[in-house]
Amino acid sequence: MSGSERKIRALREILQKPGNNTCADCGAPDPEWASCSLGVFICLACSGIHRNIQEISKVKSVGLSHWEDQELEFMAKNGNEPTKKIYEATVPVYYYKPNHKDCQVLREQWIRAKYERKEFSEAGRNLIYEEGTRDGMLMKRGRDNGQFLNRRFVLSEREGTLKYFTKFDAKDPKAVIKVDTINATFKPEKIGNPNGLQITYLKAYSTRNIFVYHDSSKEIVDWFNSIRAVQLHYLKVAFPGATDAELVPKLTRNFLKEGYMEKTGPRQTEGFKKRWFTLDHRRLMYFKDPLDAFAKGEVFLGNKDHGYQIFPGLPSGTHHNGSWQHGITIKTPERCFLFTCETEEDQESWMKHFSDVMSAPMSPQEFAMEATFRHKH
Ligand SMILES: [Zn+2]
């Protein structure tokens, strides 16, 4: 056996150790790369980010690079679990840890926060998102003209609000957003900016969207985690007995699915119209355009034992004048909703998400939300 074969075999053995079989940074399975200076195994995508912090991280391929004996020893001695204990020692519970499906800005800032800025390994660090208040400028998309303009945003833990101002010295905010109604999610492609963040919130029971970005990836991710920190603080006050594990899923969350479907109105004679749909857990919202400020409408998806059902296809006799063929019917206690998808894959994927949501038991808060929906429609 040659020296390099021996080394590859030794590396493969180290990879078998618990914790080394998923990427240390995003959790993707079967990492084929490593940082031989940090002692972690990582996926291809994360290795690309590590290459941008060469002063700290020296990237090597498990199968293709030449490894020195002392580098092998270092990997054997360290590895993902022990290294996480160091670099993720003090990650706050609300801090968003990205997975391999998340966008570049989240994954890159997670890696930089851990290894470059050492935000979670040095005791006594004052983390900017822990401060309870945040005041700064973000580029915000204009509601009707689609133009991005610099706006002042103020986040306050004490008030439980996020406000924004159209003029820097304005006394009155343009909007006061209650943090408990916020969902924030990175949407770079939709917004057309690598740091694009969508902030969805409720105002008078209707859904509003604003779209923001900051040229600095660190700034926008700090805003995102600051919002999560304030939300957790708010929830702890609202639900004093609840554990962190119960509250963290209530912070910002990714949409389950987004995309175009066709839908028809309540009388089902209006014709099918193409709309942009966003599924945020039990709320299926629809918009004329993905970047609209207001939802045109929404459907609450309750539990299947409480009058909510889903079927593939459209009821027989439906006058279908749309261009898409793959139907979905949702029955709620109030009415029937008819949708069509462009492809069968799309239909199956939407159906799966709807049926997952409808199979999940409802929390008391969700029963309250259902009641407000019934009140509205
Ligand atoms: Zn990764």
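Every value quoted in this text rests on a predicted model; they were computed, and no experiment measured them.

Procedures and definitions
- Residues numbered from 1 in each chain as written.
- Predicted model: local features only at pLDDT ≥ 70, side-chain atom pairs only at ≥ 80, totals over all residues.
- Heavy atoms only, no water.
- UniProt positions renumbered as here; feature names shortened; annotations may be inferred.
- Helix = DSSP H or I, 4+ residues; strand = E, 2+ residues; numbered from the N terminus.
- Pairing = 2+ DSSP bridges.
- Axes fitted to C-alpha atoms, helices over the stretch in contact; angles between N-to-C directions.
- Phe/Tyr/Trp six-rings, centres within 6.5 Å; stacked < 30°, edge-to-face > 60°.
- Buried < 20%, exposed > 50% of the residue type's maximum accessible area, 1.4 Å probe, protein only.
- Lys NZ or Arg CZ within 6 Å of the ring centre and 35° of its normal.

Novice: Summarise the UniProt feature "domain: Arf-GAP" (unreviewed entry) in the protein chain; cite the residues concerned and give the values.
Specialist: Sequence positions flagged by UniProt for "domain: Arf-GAP" (unreviewed entry) are, in local numbering, residues 5-135. Helix makes up 37% of residues 5-135 and strand 9%. Its end C-alpha atoms lie 56 Å apart.

Novice: How would you sum up the sheet that holds strand 16 (residues 326-331)? Please name residues and give values.
Specialist: Taken together, the seven strands give an open sheet; going across it, the order is 14-13-12-11-17-16-15, and neighbouring strands pair in antiparallel fashion. The open sheet is flanked by strand 14 (297-300) and strand 15 (309-312), the only strands paired with a single partner. Geometrically, the sheet is characterised by an average inter-axis angle of 35 degrees between neighbouring strands, direction not taken into account. As paired elements, strand 13 (residues 283-287) and strand 14 share four bridges and run antiparallel to each other. For Met285, the partnering residue across the bridge sits in strand 14 and is Glu298.

Novice: Let's hear about the packing of aromatic side chains: which residues, and what values?
Specialist: Overall, the coordinates contain 18 aromatic pairs when judged by the stated rule. An angle of 40 degrees between the planes, with centres 5.8 Å apart, marks the rings of Trp110 and Phe120 as tilted. Placement of Trp110 in helix 5 (residues 104-116) and of Phe120 in the loop between helix 5 and strand 4 (133-141) is noted, with a sequence separation of 10 residues between them. Taken as a pair, Trp110 and Phe120 share a single burial class, namely buried. For the pair Phe277 and Phe339, a centre-to-centre distance of 5.4 Å together with 90 degrees between the ring planes defines the contact as edge-to-face. You can see Phe277 sitting in strand 12 (residues 273-280) and its partner Phe339 sitting in strand 17 (residues 336-341), a full 62 residues away along the chain. In this structure, Phe277 and Phe339 share a single accessibility class: buried. Taken together, Phe277, Tyr286, Phe337, Phe339, Trp350 and Phe354 form an aromatic cluster joined through their ring pairs. Looking at Lys250, its charged tip hangs above the ring of Phe239, at a distance of 6.0 Å from the centre.

Novice: Would you mind going over unusual backbone geometry in detail, with residue names and values included?
Specialist: Backbone geometry follows two general trends: most residues other than glycine have a negative phi, and most peptide bonds adopt the trans configuration. With phi around 50 degrees, Lys118 is a residue other than glycine that occupies positive phi space. Mapping Lys118 onto the fold places it in the loop between helix 5 and strand 4. Using a relative accessible area of 27% as the deciding quantity, one classes Lys118 as partly exposed. Backbone geometry at His281 places phi at a positive 50 degrees, although glycine is not the residue there. With respect to the helices, strands and loops of the structure, His281 is situated in the loop between strand 12 and strand 13. With a relative accessible area of 33%, His281 lands in the partly exposed category.

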